[in-house]
Amino acid sequence: MDEQRYRLKKDIVWRIKTLHIVFTCVVLYFLIHILLFIMFNNKVKEGFADVHKNTIISTEEISAHRGSIYSRNKEVLATSITRKTLYIDFGCERFDNYELYCKNADTLARELSKYFGDRTAREYKEELIKWRKLAIKQTSVTDTIKPKWYQFWKPERIVTKDVVTYRKHITRQIFREVDVNEWYDIKKFPLLRNGLDVTYRVNDNEYRVYPQGNVAQRVVGRREHHRSYGVEFSMRDTLAGHNGLQKMQTISPGYKTRVSDKSNIEPQNGYDVVTTLDIDVQDVAHNALKERLIAESAIWGTTIVMEVATGDILAMVNLKRVGDTCVEEQNYAIGVPVNPGSTFKIVSAMALLDKGVPTTKKYNSKLGARVRVGGEKGADVQDSHAISRETKGIIDMRTAFAESANVYFTEAVFEAFSKKPVEFSDYCRKLLLDQKIGLSEMGATVGIVPNLNNRHTSRYNALVNMAYGYGLDITPLHTISIYNAVANSGRMVAPRLVLRTERDGEVVNEAPVRVLNESICKPTTVDTLRMLMEEVSLSGTAKGYFGEKVCSFRTGSKTGTSQVNTEINKVRYRKQDNHYYGSMVTYLPADKPRYTIMTAIFTKKQDKKSYYGASLAGPVQKQVATFLHNRDCNYAEESGGGNQLATEIKGGNIDKMRKVAKKYSKISSVEGRDGWGVCNNADSRGVHISKVEVGDRRVPNVVGMGLNDALYLLEKSGLTVEVVGYGEVVSQSLEPNTIISNDEKRIKIELK
């Protein structure tokens, strides 16, 4: 009995322990799951928070405004304009009241038609209604009503219940891109002035425009997808500025708004670049060179105008002939080394004079016959024409330089340097012909000057060839820099293309005049060289363009012609191919040189076409030099009359015109204090400013305005503008105040 009770008790205890163990395991199981749930839930919340933050709040880059490029007189060469594209969300909640939407759409259509003038109000309204209808999807919900069991005699009925409307986002651009001022006006129109962030979105598009067209294209440059060049490329970091960062919050699909945050970084706009280019000079040189290339069926040409004292590039034209027109395809002035020909005789004469050879020393030019100079190791040389028959070809340096005598300079250089030819090549290197003298960031290349040391196996032949511009390759920029140094009393300055950088009109950095060599030769040598160059203009190869009978001002010149025997743009040209490089360099005025001009033209010998430097480049040199001379004379006459008042002011914003008139002129009358105006001819009382009517689909009067103001008003009126020339508007193809028709929306304006 006791044993049975013991077993029963033991069995009960075992069961109780088992229950405790099971209970403990269950409790632990639930505790573990609760803990895991809490941990997992926190991670999920954190994950959803991150997803929410990354999806709703994002950081976007704000593009900085690219700086503009100006000429020395602040004419715009390149600038950026911002156009805004408006996309209206026709599925917006604000448009749910269809009757109110149609009413506002009718008003908006009239405003848009009046503002842009490109479509009628009815066409705009049809567009607004069409896209709103497409943004709403209507679904009819039907149901079948069965009769009750006691209404067995009634049939089943199909009933249409409520109409369920589904909204979908449809965004459309219904009018053209607008500028900032137009956008400010449009934001006041119905449907667009409230709920800005959910009604529409605005995309900013920046465009680079070049008001001067193809003039100075290779120098100013272009921003292209695959390649950039010119100032646009060399000053790209300065012009670009620094982009900013902005927190943006997504309100609805495709629509965002700015969020104030400490991490926001405002963009820093790029600097403006003021170049040394003079648009007036550039335009004259461009047209003169273009005319010459077409007339002579030449291949390419370049014209450079440099200011003597500073090295400022006032003009740099690079044209390639394509049929009956010309294009700026490559910067030949700084990037194409070629045999210079007789313009290199300035270096030969300089080396001879510095070595002590007198100008009175004479050599026999052989009257145009072929001569072997330098003995067996020398080279065959020949003049292009018989020189000085009256003296049987015996000439001095003055006559040789004026007539561009090859035999004279090769004989003189060989005699002076044959014992040690390396002295002559070292002299050339002293003039930096084998180095980059400036504009390297624009792609300027070095010249190729052989070293005539003892290792040069044909140094005597090379010495003879170098004496008259063969056997070496230099760019037109190197050539004009040497002549500019001679005009500048021996002081060689580096060519300068950028004057300064600015921001908001304030000077940030100014480029100094960089001196390459304080004195390239002896002072007496400079005086002699200038005398020789003036003789070229008076009685030598340039007398047909700058002689006393054909030119009213005195200059110094040198012409050059080379039968090209070198590689240009990876194409090998040999003498027998009959390709010629004709050039001329001129400085003016002769007594106090202010400008140096060089024109070089590459051509192929053709019947009835020029290939000598004087006849090829001379007409271009004459046109540019005459323009510079006349402009300086006119300026001196205008500025020499004491205190004078302006008799005419450029048109534009009336408020700004009033400020200018108060400072530089007198105001006789003005029509209004704001808006746009032009200056009528002044009378004895002063200038009269008349108001320009803008709007109502009428052509505004922009005659007398600058390009920027004229473009703004004309494009705001919905016109497509074609620009010819530079300066201020002198004529427009559509009469002012006439109604703009839908068929004729192009206008041509001429500037001078």
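As the structure is a prediction and not an experimental result, all values here were calculated from the model.

Q: Quick one: what's the story with the overall build of the protein, residue by residue and with numbers?
A: When you go through the protein residue by residue, the secondary structure sums to 21 helices and 35 strands. Per-residue burial over the protein gives 46% buried out of 752 residues. Here the protein has roughly 39500 Å² of accessible surface; of this, 50% comes from carbon and sulfur atoms.

Q: I'd like a description of the pattern of salt bridges, backed by residues and values.
A: What the rule picks out here adds up to 23 salt bridges. Notably, a salt bridge pairs Glu415 with Lys361, separated by 2.6 Å at the nearest N-O pair. Linking Glu415 in helix H13 (residues 406-417) with Lys361 in the loop between helix H11 (345-354) and strand S16 (363-364), this pair joins segments that are 54 residues apart in sequence. Its relative accessible area of 45% is what places Glu415 among the partly exposed residues. Classification of Lys361 by relative accessible area gives partly exposed; the value is 30%. With its nearest N and O atoms 2.6 Å apart, the salt bridge here joins Arg554 to Glu534. Residue Arg554 is located in the loop between helix H18 (543-546) and strand S24 (556-563), and its partner Glu534 is located in helix H17 (residues 523-539); the two are separated by 20 residues in the primary sequence. What emerges from the salt-bridge pattern is a single network uniting Arg72, Glu307, Asp312 and Arg496.

Q: Tell me about the environment of Thr720, residues and numbers included.
A: Tracing the backbone shows Thr720 in strand S33 (residues 720-725). A residue is classified by how much of its surface remains accessible, and Thr720, at 40% relative accessible area, is partly exposed. Taking the C-alpha atoms as reference points, Thr720 and Glu744, 24 residues apart in sequence, are found 9.5 Å from one another.

Q: Can you lay out the sheet that holds S24 for me, pointing to particular residues and giving the numbers?
A: Spatial strand order, S15-S14-S13-S28-S27-S24: six strands in an open sheet with antiparallel pairing. If you trace the sheet from one side to the other, it starts and ends with strand S15 (325-327) and S24, each paired once. Averaged over all pairs of adjacent strands, the angle between strand axes in this sheet comes to 20°, irrespective of strand direction. Relative to strand S27 (residues 579-588), S24 runs antiparallel, the two sharing eight bridges. Looking at S27, one finds that Gln563 is bridged to Tyr580. Against the sheet, helix H9 (residues 279-295) contacts strand S13 (300-307), strand S14 (313-322), S15 and strand S28 (595-604), and its axis sits at roughly 25° relative to S14.

Q: Hey, could you go over unusual backbone geometry for me, with residue numbers and the actual values?
A: The residue after Leu588, namely Pro589, is reached through a cis peptide bond having omega -15°. Phi at Ser297 is positive, roughly 50°, even though this residue is not glycine. Checked against the element boundaries, Ser297 lands in the loop between H9 and S13. Ser297 sits in the partly exposed class, given a relative accessible area of 22%.

Q: Report on the environment of Phe189, specifying residues and quantitative values.
A: The topology assignment puts Phe189 in the loop between helix H4 (180-186) and helix H5 (196-199). Residue Phe189 is classed as buried on the basis of its relative accessible area of 9%. The spacing of Phe189 and Asn104 is 85 residues in sequence and 9.3 Å in space, taken between C-alpha atoms.

Q: Could you give an account of the side chain of Thr566, with specific residues and numbers?
A: Looking at the secondary structure, you find Thr566 in strand S25 (residues 566-568). Classification of Thr566 as buried rests on a relative accessible area of 4%. Of note is the side chain of Thr566, whose polar atom sits 2.7 Å from the side chain of Asp473. With near-sequence residues (within four places) excluded, Thr566 lies in contact with Val338, Asn339, Asp473, Val571, Arg572 and Tyr573.

Q: Lay out the packing of aromatic side chains in plain terms, naming residues and giving numbers.
A: Summed over the entire model, instances satisfying the criterion amount to 16 aromatic pairs. On the basis of an interplanar angle of 85° and a centroid distance of 5.6 Å, the ring pair of Tyr29 and Phe30 is categorised as edge-to-face. Assessed through its relative accessible area of 45%, Tyr29 is described here as partly exposed. Across the ring face of Tyr124, the terminal group of Arg119 is positioned such that the distance to the ring centre comes to 4.4 Å. Its guanidinium or amino end placed over the ring of Phe233, Arg236 lies 4.1 Å from that ring's centre, counting from NZ or CZ.

Q: Hey, could you go over the confidence of the model for the protein for me, with residue numbers and the actual values?
A: For the protein, the mean per-residue pLDDT works out to 83, and 85% of the residues sit at or above 70. Taken as a whole, residues 635-645 scores under 50 in pLDDT and shows four contacts with residues more than four places along the chain or in a different chain.

Q: Tell me about helix H14 (residues 422-430), and please be specific about residues and values.
A: When H14 is considered as a whole, its buried residues turn out to be Val422, Phe424, Ser425, Tyr427 and Cys428. For H14, the secondary structure elements touched by its buried residues are H11, H13 and helix H15 (459-467). Remark: Leu432 follows H14 within two positions and exhibits a positive phi of approximately 65°.

Q: Requested: an account of the packing of H14 against H15, with residues and values cited.
A: Following both chains from N to C, one finds H14 and H15 inclined at 40°, their axes separated by 10 Å at the closest point. Compared by their axis directions, H14 and H15 come out oblique. Relative to H15, H14 is oriented so that their crossing is left-handed. In contact with Phe424, Ser425 and Cys428 of H14, H15 contributes Leu463, Met466 and Ala467.

Q: Talk me through the sheet that holds strand S34 (residues 729-732); I want residue IDs and the actual numbers.
A: Reading across from one edge, S33-S35-S34 is the order of the three strands in this open sheet, with mixed pairing throughout. The two strands at the open ends of the sheet, each matched to only one other strand, are S33 and S34. For this sheet, the mean inter-axis angle between neighbouring strands, taken without regard to orientation, is 25°.

Q: For the packing of helix H2 (residues 98-116) against helix H3 (residues 121-134), give the residues involved together with the corresponding values.
A: To characterise two packed helices, one gives the angle between the axes of the helices and the distance between these axes. Where H2 meets H3, the closest approach of the two axes is 8 Å, and the angle between their N-to-C directions is 140°. The angle between H2 and H3 places the two elements in the oblique class. Crossing hand, H2 versus H3: right-handed. Each of Tyr98, Tyr101, Cys102, Ala105, Asp106, Leu108, Ala109, Arg110, Leu112, Ser113 and Phe116 in H2 lies in contact with H3, whose residues at this interface are Ala121, Tyr124, Lys125, Leu128, Ile129, Arg132 and Lys133. When the residues that make up the contact of H2 with H3 are grouped by side-chain class, the tally is 12 nonpolar, one polar and five charged.

Q: Tell me what's going on with H17, and back it up with residues and numbers.
A: Helix length check: H17 (17 residues) gives 24 Å between terminal C-alpha atoms against 24 Å at 1.5 Å per residue, within 8%. Listing the buried residues of H17 in full gives Thr525, Val526, Thr528, Leu529, Arg530, Leu532, Met533, Glu534, Glu535, Val536 and Ser537. Elements that come into contact with the buried residues of H17 comprise H11, helix H12 (397-403), helix H16 (476-487), H18, S24 and S27.

Q: Give me the lowdown on the environment of Gly443, citing residues and values where you can.
A: With respect to the helices and strands, Gly443 occurs in the loop between H14 and H15. Classification of Gly443 as partly exposed rests on a relative accessible area of 40%. With 209 residues separating them in the primary sequence, Gly443 and Ser234 have C-alpha atoms 8.7 Å apart. Among all residues touching Gly443, those that are not within four sequence positions of it are Ile334 and Gly335.

The rules behind each value
Residues numbered from 1 in each chain as written. Predicted model: local features only at pLDDT ≥ 70, side-chain atom pairs only at ≥ 80, totals over all residues. Heavy atoms only, no water. Helix = DSSP H or I, 4+ residues; strand = E, 2+ residues; numbered from the N terminus. Buried < 20%, exposed > 50% of the residue type's maximum accessible area, 1.4 Å probe, protein only. Areas by Shrake-Rupley, 256 points an atom, 1.4 Å probe, with all protein chains shown as cover. Salt bridge = Lys/Arg side-chain N within 4 Å of Asp/Glu carboxyl O. Pairing = 2+ DSSP bridges. Axes fitted to C-alpha atoms, helices over the stretch in contact; angles between N-to-C directions. Contact = heavy atoms within 4.5 Å. Polar contact = N/O pair within 3.5 Å; in protein donor to acceptor, adjacent residues only side chain to side chain. Phe/Tyr/Trp six-rings, centres within 6.5 Å; stacked < 30°, edge-to-face > 60°. Lys NZ or Arg CZ within 6 Å of the ring centre and 35° of its normal. pLDDT = per-residue confidence, 0-100. Parallel < 35°, antiparallel > 145°, perpendicular 65-115°, else oblique. Left-handed = near helix turned anticlockwise from the far one by under 90°. Nonpolar A, V, L, I, M, F, W, Y, C, P; charged D, E, K, R; others polar. Expected span 1.5 Å × (residues − 1).

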